[in-house]
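Here is how the chains run, residue by residue.
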Amino acid sequence: MVLEFFRQIPNCSGVHRRSCPGCCGSFSPLVPNAADSRSGLSERTAKRVAPYLECARKSGAFSFPRCFFCIFVSVMNQFMGNPTKKLPMIERDGWLLPVEKELTARHESYLRALREIEKSAGSIVDYANGYRYFGWQRDETLEGWWFREWLPGAQDVYLLGDFNGWQRTSLRLDRNPEGVWSIFLPDAMYAERLTHGSLYKIHVHGDNGWHDRIPAYATRVVQDEKTKDFTAQFWNPSPFDWQGDRPIAVRSEELFIYEAHVGMAQEREGVGSYAEFTEKILPRIREEGYDTVQLMGIAEHPYYGSFGYHVSNFFAPSSRFGTPEELKALVRTAHELELAVVMDLVHAHYVKNLNEGINELDGTDHLYSLPGTAGEQPYWDSKTFDYGKEQVRHFLLSNVKYWLDEFHFDGYRFDGVTSMLYRHHGHTDFVRREQYFDEEVDEAALTYLTLANTLVHDFRPRAVTIAEEVSGMPGIAVPTADGGIGFDYRLGMAIPDFWIRQLKEVPDEQWDIHAIWHVLTDRLPGIKTVAYAESHDQALVGDQTLAFRLMGKEMYEHMDRASQSPVIDRGMALHKMIRLVTISAGGDAYLNFMGNEFGHPEWIDFPREGNGWSYAYARRQWSLADNGLLRYAQLGEFDRAMIALVKKYGILRDGYPYNLQMDTQNQTMAFSHGDLLFVFNWHPSASIPNYEVRVRVPGRYRPILSTDERRFGGTERTDMRGQHFSYPVQGDELPRIRIYNTSRTATVFLREE
């Protein structure tokens, strides 16, 4: 029976990195369907090897002998049995067998931590309630307000604010044995003074001297317009009306993510607000066809130009965009529009600033970080968390629950996961399996991330978690029950990097279709990937959007429909093709950064001294896409049509594309998803009449989408009303159709009976 399976394996046709379970490469599409009786496999056998054969059928290369060995080990373990019960992720992936001991120990460490949490609090959901204990808490029995802060290294702590005339040493807090400082302010004395909107700080005496600081659990922080000083604000509004709101179920088989930044979402020069985003941008996102909004820069950060990644106050939504209630209204309105809202969560590091952040809050350098240089992120000039300290873990897990609970977010994109996982913060080349398990790995961070995913999914079972992780850490997007870290998706970060290299370094006529295919399909079965051609990273100053890289200064003069420009024609054609091949072959979800769908020009540059504190490049010029006389509108229309097609035919849910044809000479690739046939001709000039394309199933094929359609700014060299009937070819098990294969064009055909 096992030998019958191995007879299906073709000869090696290429060596790639782990594109199938446990392998360097991926299989040939000639391997039969596991459920197909022609394979000679029993039903029981077919079910067990189905994940491997699924990869085999759809990918385009097979690596030998690595693939043979990995599959052999995995299959033999399943058929012959194994006296030691393995984690499911190891059973599925023979490549992990040499590190079974390390993976098992890693999983057991997580289970121990979870048991300790459940023993102390009953559940991880009840454990993560720091925001309900620290900071300001109402006591109706005693009729007053408690204020608490964890500062174990502090020698003295005082509370001060406008309610006591900013007297630094009049309200001293008491310390308990765990290092928690607290004070009670009775209504009888403070009801008229401590009111909604009152400003306050804590005055901390520690090893680093006396400092006025902002508490770690502050839920609102504001900046004085004149002095630029940040201060915590006592925030006690009327309860927000969440009646009728329900979080969107985003833990699904597909996601269409619209990455956005509230402050730079407006066209005017300045900082946009939550209210403006709610009114103007949410309806636009819905109209574009996206179903998930990913918001950046929500947690308070002192430097606007950090894009929100140097967080100072983890429980305070940024006040530069408006009030917490306006953010809640944004989320509620998004839900009414059937849009999920995912928050960019930054737990990889925090800002060094003493005046605004939590660094040395108790006077020591090891409150939330490891002491000395071990607590620094040198590449980002920031501080890292000590994930192994229980109080730090409690702080971070409470923060995870806080945004889901108080603001009804539908999940998170965890930023900088690679930096969290390694002491070298990912600044190395990952070439050996052992690098995922050596002394450079921060095992405490791994445990924390696994707990965080458990918390999210226990508290909001339909919430989604996405990992920004580039190293390929095994198990990153594997369920915790299977031994993984538990993220629902990983970002396919290699894809945008590849497109940038192509455009910068490789002439059009030398584009390698095999390289394109490999980068887009190089992922493990069952590991959900968010594919994207570009995000905010590629648009930042010093870099360029794909559109600007393709068309450059020509965009200033020739983006009106009446202009003629070969540069614009090439740029628009490739812009559409790159996005279409990325969404159709690159993963299980798709991400776009706001404005890039219509080819937003130039770059992002936040106000800074070097640009005269200008907001000219920290905004989105929506009017370009709304002007029907400009070609931006045509790019936007293509994006809407592309998203609609992918949704209608369930392309993201279909998994790997089925590789049908790789024609190196004519730079043409063809693949299928269900009844859809995708043909990409990357050649800059070769248009071929009566071009033969293999198809999986006989039938009549008609074009339903082409990047060359006139409505998308093309010349429509393909007859969109044409019909193409399949015919058999001797010596090939697959039939073919004939098409006019036009240069720099991608066409999608629908098979009809």
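Residues numbered from 1 in each chain as written. Predicted model: local features only at pLDDT ≥ 70, side-chain atom pairs only at ≥ 80, totals over all residues. Heavy atoms only, no water.

Some details on the overall build of the protein
And then number 1: What the protein contains, in helices and strands, is 20 helices and 30 strands.
And then number 2: Residues classed as buried in the protein amount to 61% of the 753 residues present.
And then number 3: For the protein, contacts bridging at least 24 residues in sequence account for 72% of all contacts bridging at least 6. (Helix = DSSP H or I, 4+ residues; strand = E, 2+ residues; numbered from the N terminus. Buried < 20%, exposed > 50% of the residue type's maximum accessible area, 1.4 Å probe, protein only. Contact = heavy atoms within 4.5 Å.)

Comments concerning the packing of aromatic side chains
And then number 1: Applying the stated criterion across every chain, the model contains 54 aromatic pairs.
And then number 2: Relative to F385, the ring of F314 has its centre 5.5 Å away and its plane inclined at 70 degrees; by these criteria the two rings are edge-to-face. Placement of F314 in strand β13 (residues 313-317) and of F385 in the loop between β16 (382-383) and α10 (390-406) is noted, with a sequence separation of 71 residues between them.
And then number 3: Taking relative accessible area as the criterion, F385 reaches 3% and is therefore assigned buried.
And then number 4: The positively charged end of R433 is found above the aromatic ring belonging to W95, 5.0 Å away from the centroid.
And then number 5: Across from the ring centre of F459, 4.3 Å away, lies the NZ or CZ of R460, which sits over that ring. (Phe/Tyr/Trp six-rings, centres within 6.5 Å; stacked < 30°, edge-to-face > 60°. Lys NZ or Arg CZ within 6 Å of the ring centre and 35° of its normal.)

Details of the nonpolar core
And then number 1: Membership of the largest hydrophobic core comes to 192 residues, with the highest contact counts inside it found for L159, F277, W403, F409, W499 and W682.
And then number 2: Beyond its immediate stretch of four places on either side in the chain, W499 contacts W511, I516, A533, L546, I578, V581, T582 and W682. (Core = buried A, V, L, I, M, F, W, Y, C linked by side-chain atoms within 4.5 Å.)

Focus on the confidence of the model for the protein
And then number 1: Averaged over all residues, the pLDDT of the protein equals 90, while 89% of them reach at least 70.
And then number 2: Segment residues 1-49: pLDDT under 50, and 147 contacts once partners within four positions in sequence are set aside and those in other chains are kept.
And then number 3: Note that residues 56-66 has pLDDT below 50 and, in this model, 64 contacts with residues that lie over four places away or in other chains. (pLDDT = per-residue confidence, 0-100.)

Digging into the side chain of E356
And then number 1: Mapping E356 onto the fold places it in the loop between β14 (340-345) and β15 (376-377).
And then number 2: No salt bridge is formed by the buried E356, whose closest oppositely charged neighbour, K201, lies at an N-O distance of 7.8 Å. (Lys, Arg positive; Asp, Glu negative; His and termini not counted. Salt bridge = Lys/Arg side-chain N within 4 Å of Asp/Glu carboxyl O.)

Things to note about the sheet that holds strand β21 (residues 589-593)
And then number 1: What the 8 strands build is a closed barrel, ordered β10-β11-β14-β17-β18-β19-β20-β21; its pairing is parallel. Strand-to-strand twist in this sheet, taken as the mean axis angle between neighbours without regard to direction, amounts to 30 degrees.
And then number 2: Packed on one face of the sheet, α10 meets β14 and β17 (411-414) and runs near 135 degrees to β17. (Pairing = 2+ DSSP bridges. Axes fitted to C-alpha atoms, helices over the stretch in contact; angles between N-to-C directions.)

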